[in-house]
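Descriptive structure summary
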Amino acid sequence: MVADAPLPDAGRNWVDRHAPEAIKPWLKLGRFDRPIGIWLLLLPGWQGIALALAHYRKAPGLYELWLFIGFALGACLMRAAGCAFNDIVDRDIDRQVARTAARPVASGRISVRAALAFIAGCSLTALLILLTLNLTAVLLGVASLGLVAAYPFMKRITWWPQAWLGLTFNWGALMGYAAAGGFVTTAGLYPLLGAFTPLVWAGLWLWLGGVFWTLGYDTIYALQDIEDDAMVGVKSSARRLGGRVQVGVGIFYSLALVFAAAAGWSADLGAGYFGVLVAYAAHLAWQVRSLRPDDPSLALRLFKSNREAGLILLVAIALGALV
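Note that residues are indexed from 1 along each chain, following the sequence as it is written. Restriction of local features to residues with pLDDT of at least 70 applies here, the model being predicted, together with a cutoff of 80 or more for giving and counting side-chain atom pairs; totals for whole chains, interfaces and linings are based on all residues. Excluded from the side-chain calculations are hydrogens and water; all other atoms, namely the structure's heavy atoms, are used.

Okay, the packing of aromatic side chains next. Two aromatic rings from Phe, Tyr or Trp, using only the six-membered ring of Trp, form a pair when their centres are within 6.5 Å; if the ring planes differ by under 30 degrees the pair is stacked, by over 60 it is edge-to-face, and anything between is tilted. Under the defined criterion, the tally for this structure stands at 13 aromatic pairs. On the numbers, 5.9 Å between centres and 25° between planes, the contact of tryptophan 205 with phenylalanine 259 is stacked. Remark: phenylalanine 259 occurs in helix H15 (residues 245-266) and tryptophan 205 occurs in helix H12 (residues 201-222); sequence separation between them is 54 residues. Residue classification places phenylalanine 259 among the buried positions, given a relative accessible area of 19%. When the ring of tyrosine 217 is compared with that of phenylalanine 303, the centres are 5.7 Å apart and the planes differ by 65°; the resulting orientation is edge-to-face. Within this pair, whereas tyrosine 217 is found in helix H12, its partner phenylalanine 303 is found in helix H17 (residues 296-304), the two being separated by 86 residues in sequence. In terms of burial, tyrosine 217 and phenylalanine 303 fall into one category: buried. Counting from the N terminus, the helices are DSSP H or I runs at least four residues long and the strands are E runs at least two residues long. To sort residues, take the accessible area from a 1.4 Å probe on protein chains only and compare it with the maximum for the residue type: under 20% means buried, over 50% means exposed, and anything in between is partly exposed.

Moving on, we come to the side chain of threonine 219. If you trace the backbone, threonine 219 turns up in helix H12. Residues are treated as being in contact if the distance between any of their heavy atoms lies within 4.5 Å. If near-sequence neighbours (up to four positions away) are discounted, threonine 219 is found in contact with Gln162, Thr214, Ser237, Ala238, Leu241, Val245, Val249 and Phe252.

Okay, the pattern of salt bridges next. Any carboxyl oxygen of Asp or Glu that lies within 4 Å of a side-chain nitrogen of Lys or Arg is treated as forming a salt bridge with it. Tallied over the entire structure, the rule returns 12 salt bridges. Residue arginine 31 pairs with aspartate 87 through a salt bridge whose shortest N-O separation is 2.8 Å. Placement of arginine 31 in the loop between helix H2 (24-29) and helix H3 (36-55) and of aspartate 87 in helix H4 (residues 62-89) is noted, with a sequence separation of 56 residues between them. Judged by relative accessible area, which is 1%, aspartate 87 ranks as buried.

Before going further, it helps to examine the environment of valine 148. Counting through the fold element by element, valine 148 comes out in helix H8 (residues 135-157). Among residues more than four places away in sequence, those in contact with valine 148 are Gly82, Phe85 and Thr168.

Attention now goes to helix H16 (residues 271-290). In this analysis, the expected span of each helix is defined as 1.5 Å times one less than the number of residues it contains. Under the 1.5 Å per step criterion, the end-to-end length of H16 is 29 Å for 20 residues, consistent within 8% with the ideal 28 Å. Taken as a whole, H16 has its buried residues at Gly272, Tyr273, Val276, Leu277, Tyr280, His283, Leu284, Gln287, Val288 and Ser290. Buried residues belonging to H16 abut H12, H15, H17 and helix H18 (306-322).

Take the packing of H8 against helix H9 (residues 161-169) next. At a minimum axis distance of 9 Å, the contact between H8 and H9 shows a crossing angle of 165°. By the criterion of interaxial angle, the relationship of H8 to H9 is roughly antiparallel. The interaxial crossing formed by H8 with H9 has left-handed handedness. Contacts between H8 and H9 involve Leu147, Val148, Ala150, Tyr151, Met154 and Lys155 from the former and Pro161, Trp164, Leu165, Leu167 and Thr168 from the latter. As a rule, the C-alpha atoms of each element are fitted with a line to give its axis, helices using only the stretch in contact, and angles between N-to-C directions run from 0 to 180 degrees. These descriptions rest on fixed angle ranges, namely under 35 degrees for roughly parallel, over 145 for roughly antiparallel, 65 to 115 for roughly perpendicular, and the rest for oblique. If you view the pair so one helix is near and one far, a crossing is left-handed when the near helix is turned anticlockwise from the far one by less than a right angle, and right-handed when it is turned clockwise.

Let us look at the packing of H12 against H15. The geometry of H12 relative to H15 is characterised by a closest axis approach of 7 Å and an angle of 160° between their N-to-C directions. With respect to their mutual orientation, H12 and H15 come out roughly antiparallel. Between H12 and H15 the crossing geometry is left-handed. Two secondary-structure elements touch here, H12 through Ala202, Trp205, Leu206, Leu208, Gly209, Phe212, Trp213, Leu215, Gly216, Tyr217, Thr219 and Ile220 and H15 through Val245, Val249, Phe252, Tyr253, Leu255, Ala256, Phe259, Ala262, Ala263 and Ser266. Throughout, the ten residues Ala, Val, Leu, Ile, Met, Phe, Trp, Tyr, Cys and Pro are labelled nonpolar, Asp, Glu, Lys and Arg are labelled charged, and all others, Gly among them, are labelled polar. Considering only residue class, the contact of H12 with H15 consists of 18 nonpolar, four polar and no charged.

What is expected of a backbone is that most residues other than glycine have negative phi and most peptide bonds are trans. At arginine 57, a residue that is not glycine, the phi angle is positive and equals roughly 55°. Its place among the elements puts arginine 57 in the loop between H3 and H4. Residue classification places arginine 57 among the exposed positions, given a relative accessible area of 53%. Phi is positive for aspartate 268, close to 60°, though the residue is something other than glycine.

A few words on the side chain of aspartate 16. In this fold, aspartate 16 is placed in helix H1 (residues 14-18). On the basis of relative accessibility, which here comes to 15%, the residue aspartate 16 falls in the buried class. Distance and chemistry together define a polar contact, namely a pair of N or O atoms within 3.5 Å, with one atom able to donate a hydrogen and the other to accept it when in protein, and with adjacent residues in sequence counting only for side-chain atoms on both sides. There is a polar contact of 2.8 Å between the side chain of aspartate 16 and the side chain of lysine 28.

Turning to the nonpolar core, a few remarks are in order. For the purposes of this section, nonpolar cores are sets of buried Ala, Val, Leu, Ile, Met, Phe, Trp, Tyr and Cys residues that join through side-chain atoms within 4.5 Å. By size, the foremost hydrophobic cluster in this structure holds 75 residues, and its most contacted members are Leu51, Phe71, Trp213 and Tyr280. In terms of residue count, H3 provides more of this core than any other element does, 13 residues in total. Those residues in contact with tyrosine 280 that lie beyond four places of it in its chain are Trp213, Ala256, Leu257, Ala260, Ala309, Ile312 and Leu313.

Structure representation (structure tokens):
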């Protein structure tokens, strides 16, 4: 079997170094060679769990520990399923873009039928995890499927597919907040309405902050493909902003910070939260200041640094509950 070469934006990764050749295409189909996407999907969920525990003054127990583990497993599975679905929808476009032409479906290493089976397996396993949560979180999880299914088509109909990705990737903040908050018990027969009572605005602010955070970092990511996207007619926020991309990302990150502050205020977090939030603001400001629209390799490094940004916000929430 011909060696499965590393994909252009994967860098040094455990799949290419250690995985058996026979399963490399499957791991790459699920993007396990690029774990940054798992982190960016997972961190809003963890933040939502931590924020609910702080807001409701709950001491973590075995269920809360399972939430952190379950959300990690769910993020791996659903990100893999979402990427495979995206590759099926975009296979013709991917063949025309240098960065994506070698993806397993676009290159023919995995058939569409096999990729659909992969999606089904990941989704069914994730469903089993979802069913361990409370009813509000389960309903929110089911509702997220519409966002996931629509995302691959957004780049064909709007200049802002990155905004749709923000709605989708940060849905875990709402789910985590619902799962850990347990407010379903106060919502009677209408659990979804419980998500919009005054008690849980903090979770909504956290989600909105994440939406603008993703809009910023995925605009940076889109700079890698701006020329190929223009050639094949794919829309993106990076193309729409053009020479104003640095200003645009600065605005998106500023709004992310405002909503993050609102989440902490609504949850009555302590000074520890707002102290660490300064570090979060500094990290986002560093990204904006460092951004060079004509440097794709720098764009990838800045994009990947958002794992640290998300972890900083998670630490802020934890300290806000303690200090």
